[in-house]
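# Structural overview for review
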Amino acid sequence: MGSERMDRLDVFAFYTLLAIILIHIIIFPHHKKFLIPADLTTHYPESIHPFYEHIARTRNLKKLIPGIENSEPTFSLPSSGQVLCFVETSEKHYGDRVPSIASTWLGRCDNGRFFSKNPLPDAKMPFSTVYRNLEDDYDDLFRKTLFGFYYSYTYISKDFDWYLKGDDDSYYAMDHLKEYLSTLDPMEPLYLGYRMKPFLKDGYNSGGPGYILSNAAVRIFAEHLYHDEVLCPYDWAEDRGMARCLASIGIYPADTRDENGLHRFIPFRVNEWREVPDAYNYYPVKKNGTLVSEKFVSIHRLSPTKMILLDSILYPSSGKRLFTPEFLNLL
């Protein structure tokens, strides 16, 4: 009786998948790549995975590793330390976002580099073409991030305390970050960032301002989750997918606010934050006054010009910091 019920579920799952594919083609004919819902792979793995393997691009290392290049500067970067940072970038931003990051905060990571599909035009920049065998588009962001963490830990070094995934339009105040991380234990499985409320019971860390895995968390991910497409199924939303993946083994977003309840990771433009619906904020948002910690770690959605401006204020050539939190409202 049980096998008959499973057979019916398998048939139902197959026709559900077929219907979604047809709807996707009809409604979005310009979109050539079908994005399989993570929930289907979770609830009907026996039925979906054979089809999924043909539809989705792979996580198979034999297909992803060949041809990866590392620029000369990466060979002189430390193989251990407090923070390894990788910045996901695309060829369309090689001329603006990449130089602004390279000239500001990236060099303050213990090991900081760009992850890209194609080599950067300036060979003096630290980059690895980790995404050489993936698509250079938003649809593959989830797989890029998974492989980015896996590659960082398994192929670059297992000896960093923390592993940071950064966007190429986010700025990181590394002295604030290192000071904050020094209060935490990297041997605990920690998942740090700005905690968003929707979709998952325990929330997820927004991808925009970046998120950080402790050594313990990234080890668990690399050894137990990366290759498991049942516990860690594809999700078109990269940040939600990573949270779902980590939650499957009991790792949830930590509260990263400071002692005053202000945020260290800033996902929205500072002067627009009060307009974000409460449904998206895991913690109550203060309606008056600043939401940003004076010891903020990251700010998302900064133009290259504003990134350089902020860096010149935080790290002036005179050595005297002029920053006040109110300045962020101008960004």
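Values in this document were obtained by computation on a predicted structure and should not be read as measured data. (Residues numbered from 1 in each chain as written. Predicted model: local features only at pLDDT ≥ 70, side-chain atom pairs only at ≥ 80, totals over all residues. Heavy atoms only, no water.)

### Some words on the overall build of the chain
Each helix and strand counted, the chain has 10 helices and 11 strands in total. Put simply, of all contacts in the chain between residues at least 6 apart along the chain, 73% involve residues at least 24 apart. For the chain, the computed accessible surface area is about 15400 Å², with 55% contributed by carbon and sulfur atoms. (Helix = DSSP H or I, 4+ residues; strand = E, 2+ residues; numbered from the N terminus. Contact = heavy atoms within 4.5 Å. Areas by Shrake-Rupley, 256 points an atom, 1.4 Å probe, with all protein chains shown as cover.)

### Focus: the state of the cysteines
Evaluation of the coordinates by the stated rule reveals two disulfides. The connectivity of the disulfide-linked cysteines in the chain, indexed sequentially, is 1-2, 3-4. (Disulfide = S-S within 2.5 Å.)

### Points about the sheet that holds strand S6 (residues 191-192)
Pairing within the open sheet is mixed, and its six strands lie in the order S3-S2-S1-S4-S9-S6. The strands lining the two open edges of the sheet, one partner per strand, are strand S3 (127-128) and S6. Sheet topology places strand S2 (residues 111-115) next to S3; two bridges connect them, and they run parallel. Note that in S3 the partner of phenylalanine 114 across the bridge is phenylalanine 127. Against the sheet, helix H6 (residues 141-156) engages strand S1 (81-88), S2, strand S4 (160-167) and strand S9 (211-214), with an angle of about 145 degrees to S1. Packing of helix H7 (residues 174-181) onto the sheet brings it into contact with S1, S4, S6 and S9, and relative to S1 it is tilted by some 130 degrees. (Pairing = 2+ DSSP bridges. Axes fitted to C-alpha atoms, helices over the stretch in contact; angles between N-to-C directions.)

### Some remarks on the side chain of serine 298
Structurally, the position occupied by serine 298 is in strand S11 (residues 298-300). Overall, the relative accessible area of 0% leaves serine 298 in the buried class. Side-chain polar atoms of serine 298 contact the backbone oxygen of proline 209, separated by 2.8 Å. (Buried < 20%, exposed > 50% of the residue type's maximum accessible area, 1.4 Å probe, protein only. Polar contact = N/O pair within 3.5 Å; in protein donor to acceptor, adjacent residues only side chain to side chain.)

### A word on unusual backbone geometry
Positioned with a positive phi, phenylalanine 199 is a non-glycine residue whose angle comes to about 80 degrees. Considering the arrangement of structural elements, one finds phenylalanine 199 in the loop between strand S7 (195-196) and strand S8 (204-205). Accessibility expressed as a relative area gives 59% for phenylalanine 199, which makes it exposed. The backbone phi angle of arginine 301 is positive, close to 65 degrees, even though this residue is not glycine. Here arginine 301 lies in the loop between S11 and helix H10 (304-314). Given a relative accessible area of 37%, arginine 301 falls into the partly exposed group.

### Quick look at the nonpolar core
The tendency in soluble globular proteins is for nonpolar side chains to be buried side by side. The biggest cluster of nonpolar side chains holds 78 residues, and the ones touching the most others in it are Trp105, Phe114, Phe147, Phe149, Tyr191 and Phe221. Among the elements that make up this core, the one with the highest residue count is H6 (eight residues). The residues contacting phenylalanine 147, other than those within four sequence positions of it, are Leu61, Leu64, Ile65, Ile68, Val130, Leu134 and Tyr226. (Core = buried A, V, L, I, M, F, W, Y, C linked by side-chain atoms within 4.5 Å.)

### Brief notes about the pairing of S9
Across a regular strand the side chains alternate sides, sitting on one face of the sheet and then on the other. Alternating residues of S9 divide into Tyr211 and Leu213 and Ile212 and Ser214, and every residue in both groups is buried. Pairing analysis gives two bridges linking S6 to S9, with the strands arranged antiparallel. In the sheet register, tyrosine 191 faces S9, and the bridge partner there is leucine 213.

### Side note on the sheet that holds S11
The strand order across the open sheet formed by three strands is S5-S11-S10, and the pairing between neighbours is mixed. Each of the sheet's edge strands pairs with one partner strand only, and the pair in question is strand S5 (170-172) and strand S10 (265-266). Two elements, S5 and S11, share three bridges in a ladder whose sense is antiparallel. Looking at the pairing, tyrosine 171 lines up with isoleucine 299 of S11.

### Things to note about empty space enclosed by the protein
In this structure the tally under the stated criterion is two cavities of 30 Å³ or more. Put simply, the second largest cavity is a space of about 40 Å³. Lining the second largest cavity are Gly193, Tyr194, Arg195, Ala254, Asp255, Thr256, Arg257, His263 and Tyr283. (1 Å grid on protein atoms, 1.4 Å probe; cavity = no way out; pocket = protein on both sides within 12 Å on 5 of 7 lines; lining within 4 Å. Points joined across faces, edges and corners; volume = space filled by probe spheres on them.)

### Some words on the packing of aromatic side chains
The full count for this structure, using the stated rule, is 18 aromatic pairs. Ring centres of phenylalanine 86 and phenylalanine 115 lie 4.8 Å apart, and the angle between their planes is 15 degrees; on these two criteria the pair is classed as stacked. Taken as a pair, phenylalanine 86 in strand S1 and phenylalanine 115 in strand S2 lie far apart in primary sequence, 29 residues in all. Each of the two residues, phenylalanine 86 as well as phenylalanine 115, counts as buried. Note on phenylalanine 160 and tyrosine 163: the rings are 6.2 Å apart at their centroids and 80 degrees apart in plane angle, and the pair reads as edge-to-face. With relative accessibility at 0%, the residue tyrosine 163 sits in the buried group. Among the aromatic residues, those joined into a cluster by ring pairs are Phe86, Phe115, Tyr131, Phe147, Phe149, Tyr150, Tyr151, Tyr155, Tyr191, Tyr211, Phe221 and Tyr226. Lying across the ring of tyrosine 283, arginine 257 places its NZ or CZ 3.9 Å from the centre. (Phe/Tyr/Trp six-rings, centres within 6.5 Å; stacked < 30°, edge-to-face > 60°. Lys NZ or Arg CZ within 6 Å of the ring centre and 35° of its normal.)

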